[in-house]
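The chain contents come next:
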There are 4 protein chains.
Amino acid sequence: MIIVLKNGATKEQVGELISWLEDRCKVKTNLVEGVHSTIIGLIGDTLHMDTETIMANDCVESVQRVQEPYKNANRKFHPDDTVINVRGRVFGGNKLQVIAGPCSVESEEQIIQTAIACKKAGATMLRGGAFKPRTSPYSFQGLRREGIDLLLKAREETGLPIVTEIMSAAHLDMFDDVDIIQVGARNMQNFELLKELGRCDKPILLKRGLSSTLEELLMSAEYIMSEGNSKVILCERGIRTFEPMTRNTLDISAVPLLKHKSHLPVVIDPSHATGIAKLVEPMSLSAIAAGCDALEIEVHCEPKKALSDGAQQLTPETFAKVMEKISAMARFVGKPVDDAQ
Amino acid sequence: MIIVLKNGATKEQVGELISWLEDRCKVKTNLVEGVHSTIIGLIGDTLHMDTETIMANDCVESVQRVQEPYKNANRKFHPDDTVINVRGRVFGGNKLQVIAGPCSVESEEQIIQTAIACKKAGATMLRGGAFKPRTSPYSFQGLRREGIDLLLKAREETGLPIVTEIMSAAHLDMFDDVDIIQVGARNMQNFELLKELGRCDKPILLKRGLSSTLEELLMSAEYIMSEGNSKVILCERGIRTFEPMTRNTLDISAVPLLKHKSHLPVVIDPSHATGIAKLVEPMSLSAIAAGCDALEIEVHCEPKKALSDGAQQLTPETFAKVMEKISAMARFVGKPVDDAQ
Amino acid sequence: MIIVLKNGATKEQVGELISWLEDRCKVKTNLVEGVHSTIIGLIGDTLHMDTETIMANDCVESVQRVQEPYKNANRKFHPDDTVINVRGRVFGGNKLQVIAGPCSVESEEQIIQTAIACKKAGATMLRGGAFKPRTSPYSFQGLRREGIDLLLKAREETGLPIVTEIMSAAHLDMFDDVDIIQVGARNMQNFELLKELGRCDKPILLKRGLSSTLEELLMSAEYIMSEGNSKVILCERGIRTFEPMTRNTLDISAVPLLKHKSHLPVVIDPSHATGIAKLVEPMSLSAIAAGCDALEIEVHCEPKKALSDGAQQLTPETFAKVMEKISAMARFVGKPVDDAQ
Amino acid sequence: MIIVLKNGATKEQVGELISWLEDRCKVKTNLVEGVHSTIIGLIGDTLHMDTETIMANDCVESVQRVQEPYKNANRKFHPDDTVINVRGRVFGGNKLQVIAGPCSVESEEQIIQTAIACKKAGATMLRGGAFKPRTSPYSFQGLRREGIDLLLKAREETGLPIVTEIMSAAHLDMFDDVDIIQVGARNMQNFELLKELGRCDKPILLKRGLSSTLEELLMSAEYIMSEGNSKVILCERGIRTFEPMTRNTLDISAVPLLKHKSHLPVVIDPSHATGIAKLVEPMSLSAIAAGCDALEIEVHCEPKKALSDGAQQLTPETFAKVMEKISAMARFVGKPVDDAQ
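Conventions and cut-offs
Residues numbered from 1 in each chain as written. Chains lettered and ligands numbered in written order. Predicted model: local features only at pLDDT ≥ 70, side-chain atom pairs only at ≥ 80, totals over all residues. Heavy atoms only, no water. Helix = DSSP H or I, 4+ residues; strand = E, 2+ residues; numbered from the N terminus. Buried < 20%, exposed > 50% of the residue type's maximum accessible area, 1.4 Å probe, protein only. Contact = heavy atoms within 4.5 Å. Areas by Shrake-Rupley, 256 points an atom, 1.4 Å probe, with all protein chains shown as cover. Least-squares fit on C-alpha atoms with pLDDT ≥ 70 in both. Buried area = accessible area lost by both parts, 1.4 Å probe. Salt bridge = Lys/Arg side-chain N within 4 Å of Asp/Glu carboxyl O. Polar contact = N/O pair within 3.5 Å; in protein donor to acceptor, adjacent residues only side chain to side chain. Domains from an automatic or database assignment. Pairing = 2+ DSSP bridges. Axes fitted to C-alpha atoms, helices over the stretch in contact; angles between N-to-C directions. Phe/Tyr/Trp six-rings, centres within 6.5 Å; stacked < 30°, edge-to-face > 60°. Lys NZ or Arg CZ within 6 Å of the ring centre and 35° of its normal.

**A short note on the overall build of chain A**
Phase 1: Summing up its helical and strand segments, chain A has 10 helices and 14 strands in all.
Phase 2: Once the C-alpha set of chain A is aligned to its principal axes, its extents read approximately 75 × 45 × 40 Å.
Phase 3: Sorting the 341 residues of chain A into buried and exposed places 67% on the buried side.
Phase 4: The long-range fraction of contacts in chain A, counting pairs at least 24 apart against all pairs at least 6 apart in sequence, stands at 67%.
Phase 5: Here chain A has roughly 11,600 Å² of accessible surface; of this, 46% comes from carbon and sulfur atoms.

**Describing unusual backbone geometry**
All names here are of chain C.
Phase 1: Despite not being glycine, Arg87 shows a phi value in the positive range, around 50°.
Phase 2: Residue placement: Arg87 occurs in the loop between β5 (84-86) and β6 (89-91).
Phase 3: One non-glycine residue, Arg144, adopts positive backbone phi at about 55°.
Phase 4: With respect to the element layout, Arg144 can be found in the loop between β8 (125-127) and α4 (145-158).

**Some details on the relation of the copies chain C and chain B**
Phase 1: With an RMSD of 0.1 Å, the fit of chain C onto chain B corresponds to turning through 180° and sliding 0.0 Å along the axis. Here the transformation between the copies is reduced to the relation of a two-fold axis. Distance from the rotation axis, computed per C-alpha, reaches its smallest value in chain C at Phe242(C): 2.3 Å.
Phase 2: With an isologous cut-off of 70% or more, the 95% of interface residues of chain C that recur at the interface of chain B puts this contact in the isologous class.

**Some points on the interface of chain D and chain C**
Phase 1: With 54 residues of chain D in contact, the opposing surface of chain C contributes 54 residues.
Phase 2: With both chains or domains summed, chain D and chain C bury close to 4,500 Å², and 49% of this area falls on carbon and sulfur atoms.
Phase 3: Of all residues in chain D, the largest losses of buried area upon contact with chain C belong to Tyr138(D), Glu192(D) and Lys304(D), amounting jointly to 18% of the total for that side.
Phase 4: Between chain D and chain C we count 10 salt bridges in total.
Phase 5: Where chain D touches chain C, the interface holds 27 residue pairs in polar contact (both at pLDDT 80 or more).

**Considerations on the domain arrangement of chain A**
The accessible area lost on association of the parts is a frequent measure of interface size.
Phase 1: Assigned domains of chain A: these are domain 1 (2-64) and domain 2 (84-332).
Phase 2: In this structure, domain 1 of chain A and domain 2 of chain A have C-alpha centres spaced 44 Å apart.

**Let's talk about the pattern of salt bridges**
Residue and element names in this part refer to chain C.
Phase 1: Using the criterion set out here, one finds 108 salt bridges over all chains in the structure.
Phase 2: With a shortest N-O distance of 3.6 Å, Glu298 and Arg127 are connected by a salt bridge. In this pair, Glu298 sits in strand β14 (residues 294-298) while Arg127 sits in strand β8, placing the two residues 171 residues apart along the sequence. Summarising the burial analysis for this pair, Glu298 and Arg127 share the class buried.

**A few points about the side chain of Thr249(A)**
Phase 1: Among the secondary structure elements, Thr249(A) is positioned in the loop between β12 (232-236) and α7 (254-261).
Phase 2: There is a polar contact of 2.8 Å between the side chain of Thr249(A) and the side chain of Thr241(A).
Phase 3: Among all residues touching Thr249(A), those that are not within four sequence positions of it are Glu236(A), Gly238(A), Ile239(A), Thr241(A), Glu243(A), Ala273(A), Ile239(C) and Asp251(C).

**Observations regarding the pairing of strand β14 (residues 294-298) of chain A**
Residues and elements named next belong to chain A.
Phase 1: Counting buried positions along β14 gives five out of five residues, so the element sits mostly inside the fold.
Phase 2: Alternating positions in β14 separate into two faces, Ala294, Glu296 and Glu298 on one and Leu295 and Ile297 on the other, with burial throughout.
Phase 3: The pairing of strand β13 (residues 266-268) with β14 spans two bridges and is classified as parallel. Within β14, the residue paired with Ile268 across the bridge is Leu295.

**Considerations on the sheet that holds strand β9 (residues 162-166) of chain D**
Backbone hydrogen bonds are what pair the strands of a sheet, in a parallel or an antiparallel way.
Residue and element names in this part refer to chain D.
Phase 1: With parallel pairing, eight strands are arranged side by side around a closed barrel as β7-β8-β9-β10-β11-β12-β13-β14. For this sheet, the mean inter-axis angle between neighbouring strands, taken without regard to orientation, is 30°.
Phase 2: Strand direction decides the pairing type here: strand β10 (residues 180-183) and strand β11 (residues 204-207), joined by three bridges, are parallel. Each residue of the ladder has a partner; that of Val183, found in β11, is Leu206.
Phase 3: Relative to the sheet, helix α9 (residues 280-289) contacts β13 (266-268) and β14 (294-298), its axis offset from that of β14 by approximately 170°.

**Focus on the packing of aromatic side chains**
Each aromatic ring pair is specified by the distance between its two centres and by the angle formed by the two planes.
Phase 1: According to the stated counting rule, one finds 10 aromatic pairs over all chains in the structure shown.
Phase 2: Here Phe332(B) and Phe332(D) contribute two aromatic rings whose centre-to-centre distance is 4.4 Å and whose plane-to-plane angle is 5°, an arrangement assigned as stacked. You can see Phe332(B) sitting in helix α10 (residues 316-332) and its partner Phe332(D) sitting in helix α10 (residues 316-332), one on each of two chains.
Phase 3: Relative accessible area serves as the criterion here: at 34%, Phe332(B) is assigned to the partly exposed category.
Phase 4: Where Phe191(D) meets Tyr223(D), the ring centres are 4.6 Å apart and the plane angle is 25°; that geometry is what we call stacked. Here Tyr223(D) lies in helix α6 (residues 214-226) and Phe191(D) lies in helix α5 (residues 191-198), a separation of 32 residues in the sequence. In this structure, Phe191(D) and Tyr223(D) share a single accessibility class: buried.
Phase 5: If you follow Lys71(B) out to its NZ or CZ, it ends over the ring of Tyr138(A), 5.2 Å from the centre.

**Some words on helix α5 (residues 191-198) of chain C**
All names here are of chain C.
Phase 1: Extensive coverage of α5 is indicated by the burial of seven of its eight residues.
Phase 2: Those residues of α5 that fall on the buried side of the exposure criterion are Phe191, Glu192, Leu193, Leu194, Lys195, Leu197 and Gly198.
Phase 3: As for α5, its buried residues are in contact with β9 (162-166), β10 (180-183), β11 (204-207) and α6 (214-226).

**Describing the interface of chain C and chain B**
Phase 1: Between chain C and chain B, the contact holds 22 residues from the first and 22 residues from the second.
Phase 2: Summing both partners gives a buried area of about 1,800 Å² for chain C against chain B, and 68% of it is carried by carbon and sulfur.
Phase 3: At the boundary of chain C with chain B, the tally comes to zero salt bridges.
Phase 4: Where the side of chain C that touches chain B is concerned, the elements lending two or more residues are β1 (2-5), β2 (28-33), β3 (38-43) and β4 (60-64) of chain C.

**Some remarks on the environment of Ile162(D)**
Residues and elements named next belong to chain D.
Phase 1: Within the fold, Ile162 resides in strand β9.
Phase 2: You can call Ile162 buried: its relative accessible area is 0%.
Phase 3: Taking the C-alpha atoms as reference, Ile162 lies 8.7 Å from Ile181; in sequence the two are 19 residues apart.
Phase 4: Leaving out residues up to four positions away in the same chain, Ile162 has contacts with Leu126, Leu151, Leu152, Arg155, Val178, Asp179 and Ile180.

**With respect to the sheet that holds β2(C)**
Residue and element names in this part refer to chain C.
Phase 1: If you trace the four strands from one edge of the open sheet to the other, you get β2-β3-β1-β4, paired in antiparallel fashion. The sheet is open, and its two borders are formed by β2 and β4, each paired with just one other strand. Ignoring strand direction, the axes of neighbouring strands in this sheet form an average angle of 20°.
Phase 2: Pairing analysis gives three bridges linking β1 to β3, with the strands arranged antiparallel. Across the sheet, the residue bridging to Ile2 is Gly41, located in β3.
Phase 3: Most of the contacts of helix α1 (residues 11-23) go to β2, to which it runs at about 155°, and overall it touches β1, β2, β3 and β4.

This is the structure we're talking about:
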């Protein structure tokens, strides 16, 4: 950590600051006096230090962190890729996972029919929302417990492991048989929920918040990991910008950056990112080319009757065509779609 | 709601869409055929309709909502200002509330000392974080239950009503004696929490998310109100932009816009919005001039030893000076600082 | 165009508005009266109409354009891809162009050496800045006329057509022998410059502004095209967001969207978008997978002595390796790197 | 400037970097070796140094500027406020200027009538666009030279000094009699234009770009000032965010920040920032409370027939009412509206 002092900082102020840093924060300091400015370099573990508090000193101009503020999620301390095995499907290895399914679980017929079609087209896992975070209280809120039961039936029917979103730690017991628990963008910084998930033994698919930085996403992963659960899968699903043509802007550069900074697997969700069904194919191919470990794609047996997010869901027929392109691209980049059964 | 059809829409497609709208969605339709495009105007209650699902029809180019999607929070249906009384202090009336106090409750001495100083300077309520949403799991997480107990002691000592943040519905019983429950920016769309708060009888201070639109803020208020709790206070606390000089960008235009669209009281938090203590005075005056009902300002008896957000907290001495300016401006605009004791 | 009227709009107001629309704006109107709101649908050419002026009527709630506001750049009116031939290299056809070269032209040795290396690695065109738009007046501003002369020498030496940026219409005569004139992001809405470029006969590579929407980019293309020059190449080079890890956020979804809305060729510039040399490879592959027509990549024979943007420029050795990957991906998607000589 | 080195940096790399810094960049270096990281502090004038080029060194992790990159615009080197006198009206002193007038000059009758009304209501200067930067080439582009002539007539009629926008250095001779030359948001980084304006002797009202940081605005001011023209007036006019309710988000915190970082006067344009006439009053009052030196407000004698930006222009009657509030607020904060005639 580097502290830049203000021009007029007095010897007393600097002395007091240095004492506080060494005595209270247990770090060593190194004072560098320049012509225009003076800086203090901190030597030691600064992970627990708060840059804002240092800024509250009148003599401080700015504070810069040199080390990343995350440890468990940091590739520097874990050079090898984390590989997460979910009923034989592997995230972070040399296979691509394709998680497909409807935005919401709506009925037994809908989820079973969609699951069968997804599997046939080559999907490796099934998604489906039982608890639905909706902007409006008047929109469909999900079938909740019943939705999870229907997903379990669909798994029984198809063998596809299931991924579904949690919205509150109070519901955690309902997720006992779920294969991957998803944390949605709006809950990325629901820290109480993250801590609870850190204490369970299931893989967590953690979505980046709509305006969260990549560092914040890694810090949220750190919340889960620091409680003991190291099975975190990161997901980029579009960030909020000024561009109105897409619902969000898919930040593909998140893939190589997250793989560089962290050892955790990275998923791309082109459906939520764009909100437009016809962009799912090009953005999926793009994501694979950039090195992602998995895709999460919305498929609905009848999108125009969907209870949520109709515009972005593919029909099973379109999904089958998109999967052909995905499979070819995945083979081309040397990370073929997983064929575990 | 207005549906614009694609150029090549066939009679069959349009017919099918109209049937679905009239039969399933229970709205009347009005078809307008133009030279370049055809539109369908919907007549009836469209609050429960999902624009995305309509977009999933191949023949639809775009869908535009005409009515606002919120009802309880909408000034159109409740022309008079909502006035919320908290132990004799009034939000939304002709008095300005100034909620002051530390970012975090850290110790009995700290909170009592700060509370006394805030009261002396003219603050009308006390804030203090017991549960702290921190980006890093390694940062101070708050004293939790003990923090609330200390706030209650500070209220006993000073008579100032207390405002403190909740992070999970599971903690709700600890907030029994709290005067106003705050929902932080990161939990603005924690819908399960909002629903629970909608079922309790306390005023809720709801902060706008870092990248939430004003309509989304009103929809979150609607979540609380649609469950029965109409005592919602809206709070603008800065939005995320590309500007690095301030932590966030305070959107002052939110004040007149929220007052125009809704009947709920509006609070401005200049401390979190800017992250810089010396901007608190100008932004507070600015907010009062724009018509806000209350300010929430961070004050700490010793900012440079604060366990969180030191850089934005005022010392009691500075706060006293800022309060003089605030009082004068509040009198000038005809909404003087509340002097209820 | 659709005009939504306010609830309380009087018959007189509506009548006055309709007369003005029909008499002054020469469009037909179609009034649709609903229960909660009344709308006017406009039939006819609304390209010249200003939505803001209509909004100035007291009785108007909102105005929505149905037709896109661009005509020449619109795929609806020109279904076939525009193909632009530059000395035998083709943009918008079935070949991929790779424009490579230094950020700035710095010396004869530097540009010739870099050009030879780029050609050897497989680049199909040469880029190099002679006029440099720099944030600081104290930064290197480019060799200007001399820089263009050096680029022409490099073309003579290698046969690579040259692309270089213009900053003012006053310099247009210096660009007589340049093959493609580039308009930088900061000048995307320098409308006087765009009009001048619309009157010349050269291909224009038009970069999206840092916070410009795709529709605004197409409107700027329209400025050039409406003056008679239809040879416009669109370029996405990153947009400004809150994410600090990259300089800008590369919006890859711009590729399929621009190809869908327009018939013009689309280039991706991964170097400026990310500002980080090691991201150039993954983002280039990503862009090809999404369907782009060309890449613009910065290569410098000695990046750490570059006079501008050192961090994002590749060494010739790295570029050669990246080109191998690019060539393979381009062949895979069926749009191989152009091998015209 | 502080350079943070990568963990694995070799002695040779560091030695080579230090030699290059000292020999080529003429700065002194100070090496600080920590446990986790090593930093180099630079001592001397780093204004001309390019952080990106330093980043191109393999051994460099990050580079942080300590000094601001602007000098002429920097309050540190010019502690006193710059005061700019325009025909007896003063920017940056203890009077508030109110620049009012139509978005575009449309006809002699329109501009004269509006000018008279603005003066009567208390405006101290007249604005009006002769050259209009419009997103669409099909929108009204301004009366150009004729527009300037009409503004001069309006000045003759009313005595109000005139402010009008330039779009190209090629038009500079037409601005000979104009009192203040405005540079629009879209041209804030039209560096060739800025340099030309730096060589003329007129006050320049420089608007912040739609997605420009405050530092970039100050760097653009620096372009003008470094060429010799120190009469620069800064203007905040809204930045681009994700919020759709207003056209842009007015960043009021720009006022105290710019006043803190720079000695130049600061103007707020609430009309363009919000795009909504009824927000002009609250945002004007807000801006005055925050300490601005001037307001720029759009007034049109008949907004609903305006050729541009109708929705944000006030009628003379509304403007007169807003001016009463502005005058009262300006007196209250001790910076009354200028009454120079």
